[in-house]
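In case you want the letters, here they are:
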Amino acid sequence: TVSSGNDTMLRGAPGITTQRWHHIAVTVNLTQEVIYLDGTAHGTQQVHGIDYNADVVYIGCDAFGIASAKFVGDLDDLKIFDGALTPGEVAALAAH
């Protein structure tokens, strides 16, 4: 986890293999962010709510300008939900 001011970057799921697809999910509720790899939680951090009218969401890059933190690869079937999924719901999506 890296923080700067009001911005936070959640890192997790080390050891992602290349040359195959992976399911990556991040859930955010009023108190916690969780990152999942292939349906299994790999990182959590506490949060203090989200201002959905002001916060910017970065996908595939970071908000701090760190060149080494940019995603290199393809994204497919990107979904944004209007609430945090349960661990079971994330596992079900990863199984498809």
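Residues numbered from 1 in each chain as written. Predicted model: local features only at pLDDT ≥ 70, side-chain atom pairs only at ≥ 80, totals over all residues. Heavy atoms only, no water.

**Q** Go over the nonpolar core with me, naming the residues and quoting the values.
**A** Judged by nonpolar contacts, Ala25, Val34, Tyr36, Leu85 and Val90 together constitute the single largest core of five residues. Apart from the residues lying within four places of it in its own chain, the contact partners of Leu85 are Thr27, Val90 and Leu93. (Core = buried A, V, L, I, M, F, W, Y, C linked by side-chain atoms within 4.5 Å. Buried < 20%, exposed > 50% of the residue type's maximum accessible area, 1.4 Å probe, protein only. Contact = heavy atoms within 4.5 Å.)

**Q** Which residues make up the side chain of Gln45, and what are the values?
**A** The residue Gln45 is located in strand S5 (residues 40-46) in this model. Among the polar contacts made by the side chain of Gln45, one reaches the side chain of Glu33 at a distance of 2.8 Å. (Helix = DSSP H or I, 4+ residues; strand = E, 2+ residues; numbered from the N terminus. Polar contact = N/O pair within 3.5 Å; in protein donor to acceptor, adjacent residues only side chain to side chain.)

**Q** Quick rundown of a nonpolar patch on the surface? Include the residues and the values.
**A** On the surface, Val57, Ile59, Phe71, Leu75, Leu78 and Ile80 cluster together into a nonpolar patch covering about 670 Å² of accessible area. Mapped onto the elements, Ile59 comes out in the loop between S5 and helix H1 (87-95). By relative accessible area, which is 43% here, Ile59 ends up partly exposed. (Patch = residues over 30% accessible without salt bridge, like charges linked within 9 Å, V, L, I, M, F, W, Y side chains within 5 Å. Areas by Shrake-Rupley, 256 points an atom, 1.4 Å probe, with all protein chains shown as cover. Salt bridge = Lys/Arg side-chain N within 4 Å of Asp/Glu carboxyl O.)

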